[in-house]
Amino acid sequence: MKTKKLPPALLLVIVFLLGISSAVLLPADDRRPNILFIMVDDQSPFDLKVYDKNSKLATPNIDQLAARGMVFDAAHQMGAWTGGVCTSSRHMIMAGRPLWHVPNKPGRTNNPHMTNSDLVPADLANHTIPAVFNGAGYDTMRTCKNGNSYAAANQLFTVRHDGTRRGAADEKGSWWHAEQVLNYLNDRQAAEDEDPFLIYFGFSHPHDVRDGKRELLAKYGAANHTDKASLPAAHPKQPALPANYLPKHPFNNTHMGVRDEVNVSGVWKNRDEVTIRNELGREFACSENIDIQIGRVLKKLEAMGELDNTYIFYTSDHGMAIGRHGLQGKQNLYEHTFRVPMIVQGPGIRAGSRVQGNIYLMDVLATFCDLAGVNAPPTNQGISFKPVLEGKRETVRDEVYGCYCGGAKPGMRCVKKGDWKLLKYDSPRDGVQVTQLFNLAENPHEFVAQHHAPQVIALTGIQPTKNQVNLADNPKHAAKLAEMEALLLAEMRRQDDPYRLWNQPDDGLDPPKAGKAPSKPRKKKDKSN
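Here the structure is a predicted model, which is why all the values come from computation and not from measurement. (Residues numbered from 1 in each chain as written. Predicted model: local features only at pLDDT ≥ 70, side-chain atom pairs only at ≥ 80, totals over all residues. Heavy atoms only, no water.)

A.B. asks: What's the story with the overall build of the protein chain in this structure? I'm lost.
C.D. replies: Within the protein chain, the secondary structure is distributed over 14 helices and 15 strands. Here the C-alpha atoms of the protein chain give a radius of gyration of 23 Å, agreeing with the 24 Å that 2.2 N^0.38 yields for 529 residues. For the protein chain, the spread of C-alpha atoms along the principal axes amounts to about 70 × 60 × 45 Å. In the protein chain, of all internal contacts separated by at least 6 residues, the share reaching a separation of at least 24 is 70%. When the accessible surface of the protein chain is split by element, carbon and sulfur atoms take 52% of a total near 20,200 Å². Between the averaged position of the 65 positive side-chain charges in the protein chain and that of its 58 negative side-chain charges there is a distance of 3 Å. (Helix = DSSP H or I, 4+ residues; strand = E, 2+ residues; numbered from the N terminus. Rg over C-alpha atoms; globule rule 2.2 N^0.38 Å. Contact = heavy atoms within 4.5 Å. Areas by Shrake-Rupley, 256 points an atom, 1.4 Å probe, with all protein chains shown as cover. Lys, Arg positive; Asp, Glu negative; His and termini not counted. Charge placed at Lys NZ, Arg CZ, Asp CG, Glu CD.)

A.B. asks: Looking at this model, I keep getting lost on the packing of aromatic side chains. Mind explaining?
C.D. replies: What characterises a pair of aromatic rings is the spacing of the ring centres plus the angle enclosed by the ring planes. The final tally for this structure, using the stated rule, is 11 aromatic pairs. On the numbers, 6.1 Å between centres and 55° between planes, the contact of Trp100 with Tyr499 is tilted. Remark: Tyr499 occurs in the segment after α14 (478–494) and Trp100 occurs in the loop between α3 (85–95) and α4 (129–135); sequence separation between them is 399 residues. Across the pair, Tyr499 and Trp100 agree in class, each one buried. On the numbers, 5.7 Å between centres and 85° between planes, the contact of Tyr220 with Phe284 is edge-to-face. Of this pair, Tyr220 sits in the loop between α7 (214–219) and α8 (259–262) while Phe284 sits in helix α9 (residues 273–304), and the two are 64 residues apart along the sequence. The exposure class of Tyr220 is buried, given its relative accessible area of 1%. The aromatic ring of Tyr200 is capped on one face by Arg142, whose charged end is 4.7 Å from the ring centroid. Directly above the ring of Trp176 sits Arg165, whose terminal nitrogen or CZ lies 4.0 Å from the centroid. (Phe/Tyr/Trp six-rings, centres within 6.5 Å; stacked < 30°, edge-to-face > 60°. Buried < 20%, exposed > 50% of the residue type's maximum accessible area, 1.4 Å probe, protein only. Lys NZ or Arg CZ within 6 Å of the ring centre and 35° of its normal.)

A.B. asks: Which parts of the structure should I look at to understand the sheet that holds strand β5 (residues 139–143)?
C.D. replies: Strands pair in a sheet through their backbones, by hydrogen bonds, and they do so in one of two ways: parallel or antiparallel. If you trace the 8 strands from one edge of the open sheet to the other, you get β6-β5-β7-β1-β8-β9-β2-β10, paired in mixed fashion. Bordering the open sheet on either side are β6 (159–160) and β10 (353–355), each of which pairs with just one other strand. Two elements, strand β8 (residues 310–316) and strand β9 (residues 342–345), share 4 bridges in a ladder whose sense is antiparallel. Bridging across to β9, Thr315 finds its partner in Met342. Set on the sheet, helix α11 (residues 364–372) makes contact with β1 (34–41), β7 (197–206), β8 and β9; between it and β8 the angle comes to about 170°. (Pairing = 2+ DSSP bridges. Axes fitted to C-alpha atoms, helices over the stretch in contact; angles between N-to-C directions.)

A.B. asks: Even after reading the chapter, I still don't get the side chain of Arg324, so can you show me in this structure?
C.D. replies: Among the structural elements, Arg324 can be located in the loop between β8 and α10 (335–338). For Arg324, a relative accessible area of 6% corresponds to the buried category. At a separation of 2.9 Å, a polar atom in the side chain of Arg324 contacts the main-chain carbonyl oxygen of Ala321. Discounting residues that sit within four places of it in the chain, Arg324 has contacts with Ser44, Phe46, Asp47, Pro242, Asn244, Tyr245 and His336. (Polar contact = N/O pair within 3.5 Å; in protein donor to acceptor, adjacent residues only side chain to side chain.)

A.B. asks: Looking at this structure, I do not really get α3. What am I missing?
C.D. replies: In an α-helix, one turn spans 3.6 residues; hence positions three or four apart end up facing the same way. Burial runs high along α3: 11 of the 11 residues are buried. Turning to α3, its buried residues number three or more, namely Val85, Cys86, Thr87, Ser88, Ser89, Arg90, His91, Met92, Ile93, Met94 and Ala95. Phi for Gly96, located one or two positions after α3, is positive at around 65°.

A.B. asks: How should the environment of Ala240 be read in this particular structure?
C.D. replies: You can see Ala240 is positioned in the loop between α7 and α8. Between the C-alpha atom of Ala240 and that of Thr460, which follows or precedes it by 220 residues, the distance is 7.7 Å. Excluding its chain neighbours within four sequence positions, the residues that come into contact with Ala240 are Arg277 and Leu280.

A.B. asks: Even after reading the chapter, I still don't get the packing of helix α6 (residues 174–191) against α9, so can you show me in this structure?
C.D. replies: To characterise two packed helices, one gives the angle between the axes of the helices and the distance between these axes. The geometry of α6 relative to α9 is characterised by a closest axis approach of 9 Å and an angle of 10° between their N-to-C directions. Considered as vectors, α6 and α9 are oriented roughly parallel to each other. Only Asn289, Ile290, Gln293, Arg296, Val297, Lys300, Leu301 and Met304 of α9 make contact with α6, whose side of the interface consists of Ser174, Trp175, Ala178, Glu179, Val181, Leu182, Leu185, Asn186 and Gln189. Residues belonging to the contact of α6 with α9 are distributed by class as follows: 9 nonpolar, 5 polar and 3 charged. (Parallel < 35°, antiparallel > 145°, perpendicular 65-115°, else oblique. Nonpolar A, V, L, I, M, F, W, Y, C, P; charged D, E, K, R; others polar.)

A.B. asks: Whenever I open this one, the side chain of Arg90 confuses me. Can you help?
C.D. replies: Here Arg90 shows up in helix α3. We classify Arg90 as buried; its relative accessible area is 1%.

Below, the structure is given as structure tokens:
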């Protein structure tokens, strides 16, 4: 049945009467753009050729998105207060709010501000992506994995087909997610539905267990290794070790016992060359299959005549280590994990363009609204990067803050500005107090002293320069260190971080207790982050 269009004035009245907070700002013509948000699970940007020209991963459809659109070199996931980094990331995406201003899953109180309604609004789900776009007259659809997400927001999509699919067979893998989108598009076509759409096209892979399709595993010389008592077989087709590979992380990073570091099937605690290369091969097999499925959907949109009127976002909920810095999981703040891929194609975006951006994943809600001519909800604290997409700006903010405290508290913090990045690790229970300072222009892989060891160089084939080290103890950079330390403290205060590190003033805050709000919550106005 063909969708009838209401007059703009009547639509605005109805939206107001229904109490929808984000009315549509109707453009001169009524053909509003569609949005296709592609979200993969656990993928470092450096897996992709777009970010690492030496990568063996074949992703022709993602490469084409980059060639036709814009690539962001500084897109970030702000962090997590839980080992399930996916959970906090997906709450921030849906709500357009930073780490300390979003809830956890029901019954979990990892964020000490959970009970402070000034910082975490009780009705926040009603102002998330699907609620906003439902109220603005968009058709909303979602497919993604189950769990570790924002359940209260997910259920608001008008069409929803979620299921965790990490198997090798089509029905148990990424094919299934693409099929849900294709079925939805076919139904729209049959009904002659002309409403604009917002599709959340999520995948369960390449998150482990990375059971790839047989032919793709063979392409990357990998096997779905399941025997904990042995190592996988070596194969010349396996991807090379990452440039910043280490056989062991140099120190306790405050959460070395998290599941991702010790209990991923096929890896466990092993960090030898064969295990890491095999697991990268599995990751690549799963990622190439995702690319194939994306291609199916893009082909359908083109056949429907919708491709040129659709903004396509490709990203991941966070990055991933898999051998980088001797780590396996996503519970760290190195660039391979703190950064995410972000590629955007759509109307008015210059083909083949590349920017820094300095964006967070939480900025997508504001950006979707800006592109669609929809008012962002009053709870939004992200910044629209539409001006960047239009070529009017290079970045949307100067500094970027990161946090991980899913293990020991306070945990890890980082801040970036320009070429410089500061990382801090603080675990009183383990006696950990570590500072790292990197010049990312000179040391993009964040090499540390252990990367200079002859046995590591022999494995990676990469000889770091003498300046490619942690510079925190270098007297020449004492002023820069002090500057970055002050910047980190300022960002922690601005972001309502409830913890303080060993060398920071306590600001009168008591260390948060599990399940309780900080003793001195501060009422703050909503602000852009």
